[in-house]
Amino acid sequence: TPELDREYQEILASLSQNHSPEEVDAILATVEAERKEVIEIMEREGGDLDDVIARVRKQTYERKYKILEVLQKEIEQGMWGQRGSVQEGEIVSSKDHDSKK
């Protein structure tokens, strides 16, 4: 709807004012991944939409903090930037993560 499109553009403008283009892209990619995961869960399991959104968001934050913990350990051990270390963290769905193993 036009109202949703306008609100979306306002959100993008706000993000762009407060974040770098790379950060905006990362935020939007995370939102899109979460949206897809919510849709998949709703189609597969059903349930309350707000509960599913909260569950997916919680999983995203858990993955984010795990990445940050690994980065902190690498920095503390002087391994930051070495081959095989974590240099960039992308928040992805657990299904995507598991399929890459």
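Data block above holds the structure.
Below: a short report on this structure. (Residues numbered from 1 in each chain as written. Predicted model: local features only at pLDDT ≥ 70, side-chain atom pairs only at ≥ 80, totals over all residues. Heavy atoms only, no water.)

## Points about the overall build of the protein chain
So, point 1. Scanning the protein chain from N- to C-terminus turns up 4 helices and 0 strands.
So, point 2. Along its sequence from the N terminus, the protein chain presents helices and strands in the succession α-α-α-α.
So, point 3. Relative to its 101 residues, the protein chain shows a buried fraction of 18%.
So, point 4. Taking as baseline every contact in the protein chain between residues at least 6 positions apart, the subset at least 24 positions apart corresponds to 28%.
So, point 5. Accessible area of the protein chain: about 8,100 Å², with a carbon and sulfur share of 53%. (Helix = DSSP H or I, 4+ residues; strand = E, 2+ residues; numbered from the N terminus. Buried < 20%, exposed > 50% of the residue type's maximum accessible area, 1.4 Å probe, protein only. Contact = heavy atoms within 4.5 Å. Areas by Shrake-Rupley, 256 points an atom, 1.4 Å probe, with all protein chains shown as cover.)

## Concerning the pattern of salt bridges
So, point 1. Per the stated rule, a full pass over the model turns up 7 salt bridges.
So, point 2. As a salt-bridge pair, Arg 35 and Glu 32 come within 2.8 Å of each other at their nearest N and O atoms. In this pair, Arg 35 and Glu 32 both sit in helix H2 (residues 21-45), 3 residues apart, roughly one turn of the helix.
So, point 3. Relative accessible area serves as the criterion here: at 42%, Arg 35 is assigned to the partly exposed category.
So, point 4. Residue Glu 32 is classed as partly exposed on the basis of its relative accessible area of 31%.
So, point 5. The shortest N-O distance in the salt bridge between Arg 44 and Glu 45 comes to 3.7 Å.
So, point 6. The network of salt bridges with shared partners includes Arg 44, Glu 45 and Arg 55. (Salt bridge = Lys/Arg side-chain N within 4 Å of Asp/Glu carboxyl O.)

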